[in-house]
Amino acid sequence: MSPSTPIVSAALPKVAYGKGGHVYDVDGKCYVDGSGGPAVYSLGYGNEEVIEAIHHQLTRVMHGYRHTFTSDPLEELTALIAEQCGADLAQMVFVSGGSEAVESAMKIALQYHSARGEETRRRFISRQRSWHGNTLGALSISGFKARREAYEGALLPSCLLSPANVYRPPAGVASADVAAFCADELEQAILRLGAARVAAFVFEPVVGAAGGVVPAPPGYAARIREICDRYGVLMIADEVMCGSGRTGTFRALAHDGVTPDIMAIAKGLGGGYVPLGATVYRRPIGEVLHARHGGPQTAHTFTGHTAACAAGVAVQKIMRREGLFDHVRTNSQRLFGLLRAALGAIVAVGDIRGRGYFAGIELVADRETKQPFDPAHQLFLRVRQRSLANGLICYPSGGNVDGVAGDTIIIAPRYDSLDTELVEIVEKLALSIKEALAQIGAS
Ligand SMILES: Cc1ncc(COP(=O)(O)O)c(C=O)c1O
C-alpha cells in the first residue's frame, strides 16, 4: 500500500460474542480488547453478575418513569456514586451517555446562575484538543476540529483555551510553566469576556480522545479551582472517559485533590452493559435549583432508567467488592512497564503517558523535535487497521497536535484484566505499530 492510499475503513467485522477481555466476530476471529472498546468496558465482556442483575430487574420492571416513580436501583446507585465522590458532590441526574451528561452539566450551570439572578452568565470556556460530546452544546465546547467542522456556524459561541499538555506546551512556554500559563490564560479569558458573563469552565482532568490521554500537570487543577472560585465561575469536570475508576480513583480529579462543582460521568460507570451516564453536582447547587425551580430542569424520558441503574449498581458493587480501583492504581506500573519495554525502542514512539489503566502513545516523525507525521499518511488509521488484522482492539485517534496532524493510540484495558491479557495487548500493539510504520516507510 502506498503512503498516499486513503485508509478507508474496509467492511467492519461483525461482532458475535465476548467473554472476559476477548471478543469474537462471526467468523470466529478473536480480538483482545486493549481499550475496552472506546474506554467503556471496565469489567470486560459477559460478566454474569451484571447480566443477572439486569435480567432480574427486567423481569420485575424495566423502567419506572421519573415523573411517576423512584426505585431501589436508582436510589442505590445514587448512594454508591455519592459515597465514591465524597465531599458534597452528592446530587445527580442520570442520563444515557457522555454527551447527555455534559449537556446536562452545562444546563445545570446555566440554571444555577439563572436561579441566583445571574442570567448574564451564559458563556462557557473550555480548551482546544478536548472532546465533550456530539450534541450541539457539548460539541460547541469541544476542541476537536474534525468532529466540529460540519457544524461550524451553528454552534454556541465558544472560547477555547490552550491544552494543558506538558509534552506539547503552548508556543514559547517551558514544560514546567504549563500549569501556571494555562491557569493564567483562564483568568484572562474570564476577564476578557467579563466575569459576569461566564457560566463555567469545562475540562477533562485527563484528556481522552482528542489529546491521546493527557493528564494535566501538577498544580493545574488547584489553580483552576481558585480562579473559578474567585470569579463565581463553576468548574465542570468532564470525567466521561477518565472517570469511574479508569485512572485508579473513582474521580479522576481526586488525584489532584480538587472537587469540581459539577461532574459528568458515563462510559465505565455501567461498563457498556447498558447506556448509562450521570451528571453529579454539589449539594449547595442542588439546594439553589430546588429552592427556585423545584430541582434540575434537565432530564429525559430514560433518565434514571431502572434496568440501567440496576446494571450500574451491579458494576459498582463488583468494583468495590473486588477493590478494582485500587488494583488499577497499583497495577498501573505493570501496564506502563510493559508498554515502555515493548514500545520504547520504536523510534517513532515519542511519548507514553497516562495514569491508571489509561495510557496514551504518541507517534512522531522526529523524537527530538516532536514533529508529527504528515497527516496524509493517516498513520493512526493504519494502526487501527493493522491492530484489527492482528486481533487487537485499541483506540487510535488523529489531530492531537493542531487539529489535523498528530497520531495517538489509547490503551484502556478492563480493570480486572489478567496479566496474560496485558501482555497480549502490548505485544500485538507493538507489532501493529511497527507494521503501520513500515507501510509509510518509517520505523
Ligand atoms: C471526555 C468525553 N466527554 C464526552 C464524551 C461523549 O460521550 P458519548 O459518546 O457517550 O456521548 C466522550 C466520548 O468519547 C468523552 O470522551
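Residues numbered from 1 in each chain as written. Predicted model: local features only at pLDDT ≥ 70, side-chain atom pairs only at ≥ 80, totals over all residues. Heavy atoms only, no water.

As for the sheet that holds strand β13 (residues 349–355)
Right, on to step 1. Taken in spatial order, the four strands line up as β13-β14-β17-β16 in an open sheet, and their pairing is antiparallel. Edge strands, defined here as strands with exactly one partner in the open sheet, are β13 and β16 (395–398). On average, each strand axis in the sheet is tilted by 20 degrees relative to the strand beside it, whichever way the strands run.
Right, on to step 2. Here strand β14 (residues 358–363) runs beside strand β17 (residues 407–411); their pairing, made up of five bridges, is antiparallel. Looking at the pairing, G360 lines up with I410 of β17.
Right, on to step 3. Against the sheet, helix α11 (residues 324–343) touches β13, β14 and β17, its axis set at about 175 degrees to β13. (Pairing = 2+ DSSP bridges. Helix = DSSP H or I, 4+ residues; strand = E, 2+ residues; numbered from the N terminus. Axes fitted to C-alpha atoms, helices over the stretch in contact; angles between N-to-C directions. Contact = heavy atoms within 4.5 Å.)

Examining the pattern of salt bridges
Side-chain pairing between opposite charges can occur once the charged atoms of the two side chains come close.
Right, on to step 1. Counted under the stated rule, the structure contains 24 salt bridges.
Right, on to step 2. We note a salt bridge from K145 to E149, for which the minimum N-O separation is 3.5 Å.
Right, on to step 3. Accessibility expressed as a relative area gives 48% for E149, which makes it partly exposed.
Right, on to step 4. The closest approach of N and O atoms between E362 and R168, which form a salt bridge, is 2.6 Å. In this pair, E362 is assigned in strand β14 and R168 in the loop between β6 (159–161) and α7 (178–193), connecting sequence segments 194 residues apart.
Right, on to step 5. Overall, E362 belongs to the buried group, its relative accessible area being 0%.
Right, on to step 6. Take R168: its relative accessible area is 17%, and that puts it in the buried class. (Salt bridge = Lys/Arg side-chain N within 4 Å of Asp/Glu carboxyl O. Buried < 20%, exposed > 50% of the residue type's maximum accessible area, 1.4 Å probe, protein only.)

Things to note about the layout of surface pockets
Right, on to step 1. Space inside the largest pocket adds up to approximately 1,000 Å³.
Right, on to step 2. Along the wall of the largest pocket there are 40 residues; nearest its centre are L12, R384, L388, C394 and P396.
Right, on to step 3. Looking at the lining of the largest pocket, the elements with two or more residues in it are β2 (22–25), β3 (30–33), α1 (36–39), α6 (145–148), α12 (379–389), β15 (392–393) and β16.
Right, on to step 4. The element best represented in the lining of the largest pocket is α12, accounting for six residues.
Right, on to step 5. In terms of residue class, the lining of the largest pocket is made up of 24 nonpolar, nine polar and seven charged.
Right, on to step 6. R66, L74, M92, V93 and T303 are the residues nearest the centre of the second largest pocket, which is lined by 20 residues in total.
Right, on to step 7. Secondary structure elements with two or more residues in the lining of the second largest pocket: α3 (72–85) and β4 (89–95).
Right, on to step 8. Its residues assigned to classes, the lining of the second largest pocket shows eight nonpolar, ten polar and two charged. (1 Å grid on protein atoms, 1.4 Å probe; cavity = no way out; pocket = protein on both sides within 12 Å on 5 of 7 lines; lining within 4 Å. Points joined across faces, edges and corners; volume = space filled by probe spheres on them. Nonpolar A, V, L, I, M, F, W, Y, C, P; charged D, E, K, R; others polar.)

Observations concerning the pairing of β16
Right, on to step 1. In β16, alternate side chains face the same way, and those of Y395 and S397 on one face and P396 and G398 on the other are all buried.
Right, on to step 2. Where β16 and β17 come together, four bridges link them in antiparallel fashion. Counterpart to S397 in the pairing with β17 is T408.

Points about the site of the ligand
Right, on to step 1. If you check the shell around the ligand, you find G97, G98, S99, W131, H132, G133, E204, D238, V240, M241 and K267 and nothing else.
Right, on to step 2. Interatomic distance of 2.8 Å between a backbone N/O atom of G98 and an oxygen atom of the ligand.
Right, on to step 3. K267 is positioned such that a nitrogen or oxygen atom in its side chain is 3.1 Å from an oxygen atom of the ligand.
Right, on to step 4. Burial of the ligand by the surrounding chains reaches 81%, relative to a free accessible area of 390 Å².
Right, on to step 5. Looking at the shell around the ligand residue by residue, the classes come out as three nonpolar, five polar and three charged. (Near = heavy atom within 4 Å. Polar contact = N/O pair within 3.5 Å; in protein donor to acceptor, adjacent residues only side chain to side chain. Areas by Shrake-Rupley, 256 points an atom, 1.4 Å probe, with all protein chains shown as cover.)

Some points on helix α9 (residues 283–293)
Right, on to step 1. Those residues of α9 not exposed but buried are I285, G286 and L289. Looking straight down α9, one finds its buried side chains confined to an arc of 100 degrees; they lie on one side.
Right, on to step 2. Of the residues trailing α9, G294 is marked for its positive phi of about 85 degrees. (Arc of directions from axis to C-beta.)

Concerning the side chain of S397
Right, on to step 1. Structurally, S397 can be placed in strand β16.
Right, on to step 2. At a separation of 2.9 Å, a polar atom in the side chain of S397 contacts the main-chain carbonyl oxygen of A209.
Right, on to step 3. Ignoring sequence-local partners within four residues, the contact set of S397 consists of F144, A209, F380, G406, D407 and T408.

Focus on the pairing of strand β12 (residues 277–282)
Right, on to step 1. The buried fraction of β12 is high, at five of six residues.
Right, on to step 2. Relative to β12, β4 is paired through six bridges, and the arrangement is antiparallel. Pairing of Q91 across the sheet is with Y281, part of β12.
Right, on to step 3. The sheet contact formed by strand β11 (residues 262–265) and β12 spans four bridges and is antiparallel. Bridging across to β12, A264 finds its partner in T279.

Digging into the packing of helix α2 (residues 48–60) against helix α10 (residues 306–321)
To describe two helices that pack against each other, one gives the angle between their axes and the distance between the axes.
Right, on to step 1. Where α2 contacts α10, the two axes come as close as 8 Å, and the packing angle between them is 150 degrees. Regarding the angle of α2 to α10, the classification is roughly antiparallel. The handedness of the crossing between α2 and α10 comes out as right-handed. Residues E49, V50, A53, I54, Q57 and L58 of α2 touch α10, and the partners they reach there are T306, A307, A310, A311, A314, V315, I318 and R321. (Parallel < 35°, antiparallel > 145°, perpendicular 65-115°, else oblique. Left-handed = near helix turned anticlockwise from the far one by under 90°.)

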